[in-house]
Amino acid sequence: MKISRIVIVLFISATILVAVNIYITLGAVNKSEHATFERKRSLITMDASSRLLSNIIDAETGIRGYILTGEKNYLEPYWTAKDKMVADLKTLHDVMLEDSSQQTLIHAIEPILDKLMVSYASYIQLESNHHNDEALARLKLGLDKKLMDEIRQLIRKFEKSETASLAQREEQFDYRLSNLSLVNTTSSIMILLMAMFSSLFIYRESRQRILSQDQANKDLLEHNLDLSKEVLMRQKVEIELRIAAVAFESQEGVFVTDSDSLILRVNNAFTQITGYTSEEAVGQTPRLLSSGKHDPTFYANMWKEITHNDAWQGEVWNRRKNGEVYPEYLTITAVKDGSGMVSNYVASLTDITKSKAASEEINSLAYFDPLTHLPNRRLLVDRLEHALATSGRSRQCGALLFLDLDYFKTLNDTLGHDAGDTLLQQVATRLTDTIREGDTVARLGGDEFVVLLERLSEQVIEAAAQTQDIAEKIIVVLNQSYQLGAHEHRSTPSIGATVFSGNEETSGELLKQADLAMYHSKDSGRNTVRFFDPVMQEAITLRADMERDLRKAIEHNQFQLYYQIQVSSSGQALGAEALIRWLHPSRARHDFAV
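The present account deals with the structure reproduced in this document. Here the structure is a predicted model, which is why all the values come from computation and not from measurement.

Bringing the side chain of His489 into the picture now. You can see His489 is positioned in strand S10 (residues 487-489). When near neighbours in sequence (up to four residues on either side) are disregarded, His489 contacts Leu411, Leu423, Ser481, Tyr482 and Leu484.

This part is about the environment of His386. Its location among the elements puts His386 in helix H9 (residues 377-394). Classification of His386 by relative accessible area gives exposed; the value is 52%. A C-alpha to C-alpha distance of 9.8 Å links His386 and Ser507, two positions 121 residues apart in sequence.

Turning next to the pattern of salt bridges. Any two side chains of opposite charge can pair if their charged atoms end up close together. The tally for this structure, following the rule as stated, stands at twelve salt bridges. As a salt-bridge pair, Arg234 and Glu230 come within 2.6 Å of each other at their nearest N and O atoms. Residue Arg234 and its partner Glu230 are both found in helix H4 (residues 134-248); the two are separated by four residues, about one turn of the helix. On the basis of relative accessible area, Glu230 is assigned to the partly exposed category, the value being 36%.

With that out of the way, let us pick up the packing of H9 against helix H13 (residues 507-523). Where H9 contacts H13, the axes come no closer than 10 Å and their chain directions differ by 110°. Relative to H13, the element H9 is oriented roughly perpendicular. Residue-level contacts link Arg377, Leu380, Val381, Leu384, Glu385 and Leu388 of H9 to Ser507, Leu510 and Leu511 of H13. Its residues placed into classes, the contact of H9 with H13 shows six nonpolar, one polar and two charged.

Bringing the nonpolar core into the picture now. The biggest cluster of nonpolar side chains holds 31 residues, and the ones touching the most others in it are Leu401, Leu403, Phe449 and Ile474. Once residues within four sequence positions are removed from consideration, Leu401 is found in contact with Phe449, Val450, Val451, Leu453, Thr467, Ile470, Ala471, Ile474, Ile495, Gly496 and Ala497. Residues Tyr276, Ile306, Ala334 and Leu349 belong to the second largest nonpolar core, which totals 19 residues.

Across the sheet, five strands lie side by side as S2-S1-S5-S4-S3; this open sheet has antiparallel pairing. Bordering the open sheet on either side are strand S2 (263-266) and strand S3 (311-319), each of which pairs with just one other strand. Recorded for the sheet is a direction-independent mean angle of 25° between the axes of neighbouring strands. Pairing between S3 and strand S4 (residues 325-336): nine bridges, direction antiparallel.

Read across the sheet, five strands follow the order S7-S8-S6-S11-S12 without closing on themselves; strand pairing throughout is mixed. Since the sheet does not close on itself, it has two edges, and those belong to strand S7 (440-445) and strand S12 (529-531), each with one partner. Adjacent strand axes in the sheet meet at a mean angle of 20° when their direction is disregarded. Both strand S6 (residues 397-405) and strand S11 (residues 493-501) contribute to a ladder of nine bridges, which runs antiparallel. Paired with Leu400 across the strands is Thr498, a residue of S11. Packing of helix H12 (residues 460-478) onto the sheet brings it into contact with S6, strand S8 (448-453), S11 and S12, and relative to S11 it is tilted by some 160°.

Rules used in this analysis
Residues numbered from 1 in each chain as written. Predicted model: local features only at pLDDT ≥ 70, side-chain atom pairs only at ≥ 80, totals over all residues. Heavy atoms only, no water. Helix = DSSP H or I, 4+ residues; strand = E, 2+ residues; numbered from the N terminus. Contact = heavy atoms within 4.5 Å. Buried < 20%, exposed > 50% of the residue type's maximum accessible area, 1.4 Å probe, protein only. Salt bridge = Lys/Arg side-chain N within 4 Å of Asp/Glu carboxyl O. Axes fitted to C-alpha atoms, helices over the stretch in contact; angles between N-to-C directions. Parallel < 35°, antiparallel > 145°, perpendicular 65-115°, else oblique. Nonpolar A, V, L, I, M, F, W, Y, C, P; charged D, E, K, R; others polar. Core = buried A, V, L, I, M, F, W, Y, C linked by side-chain atoms within 4.5 Å. Pairing = 2+ DSSP bridges.

In structure tokens, the structure reads:
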């Protein structure tokens, strides 16, 4: 605080000194300029007086030469000198008019200048009139000589006065310069002291201001950081809101409800799927879309899962505004507030009509025959395994009927494959209409069909009798004529049957048994049914083993050729019998006559 006061006092003092110094300096400068002007004026007057003296000498020379010789050629320099004298006298007169101390000399110059001008004019007139009065000329020249003496005396007075005045001005100027130097030195010292104390004060104040500014900058930086965080947070929120808005207007239908299930908002996809506009849906409940296909238990289980897991998803059947019932995949999510209470429900729905149809088509292609729309081998095996498991639990028997259409290849070769396909479709329809509810008709391929019978008697003999009755009904139905375009056709089936109880045998073994029984039916004259018999199975097995061993015999050269001579009763050779002997490593020897 004391330093501040000292600095203020020094500052005021220095300001006063500077002001005084400026005033004195301006005065000195003005006087210096005035002195400079005086010097300049003195130099001009001295120079003019010097020239004037020189011209007087030239004029007097011309006068003496003319008086002595009478030659007019001396008048030329005389007139020239007089011209210059007039100019110099006018210069002296004009310069001295600015100096009040030279009034006496000014009054002395004016009559002399007038006389000189009159004299100059008279000579010019004399010359122009071509007068040649030498006496008058000499008189005039004598008067001019006196006039020049007066001018010479005037110049001496002027030089004497001007020299004294110039010396006095120089002395005054040196005194003022010394005073000005002292004032300037004092002022400089005071200004230097003031500058030192001011610098100290400014340094201290600047340091405090810098510290204060640093703190302010720090606070400002922290504030800016907070603002930056807030801006980033707002930008993040805006981005999330934009993303949420874009997500809300997705291809899935979306509607938002409050905690009481009143619809608050729907998106465009919701309107496209359901047909209800935002104005029609807002304020309603999701029961607006109910199709009536789900019982109250379905919705109770749905809300139970939403309450427990805060979400539910699954397939539902809903109804559009135009009354059309359609399948959709629905997802419901509960939104909770900070206290954990449900504030909203967000539901998204997708129309799965096309995907469900595609799924059904894929399922149909995977499990059904595309021509007859009957179950294919894969679905038949799945149902057969399920029937085996059911039979094992219930102890009820089941049966398989393997059907093959007789001479089906001949039909394709004569009437074409289109007629054959039509026959297969009509056979499939007749089989489906003939069997009991719960039984299965499948097409394995070509003209082969399989009928799976379930829930037969627990007694094998009775189950076989039931199977026999159903097979005979099938034969009767399939023996009826078929209309294949313009052709009437009759077809008969060969049926093989096998009965199973429990799951002791696999599905593959049962199909093989029914297939073997079907071939036994063909061997028995076709259009009949034959049951699978273990003795027949053993014979088929031996035949298969025989065929396999015959192939190996050819590969291992197990056949040998023998010729046996045939003779007549008289002993005459009639021919030879060729025999092929099979030398099997483990079987008994076999001979084959050729």
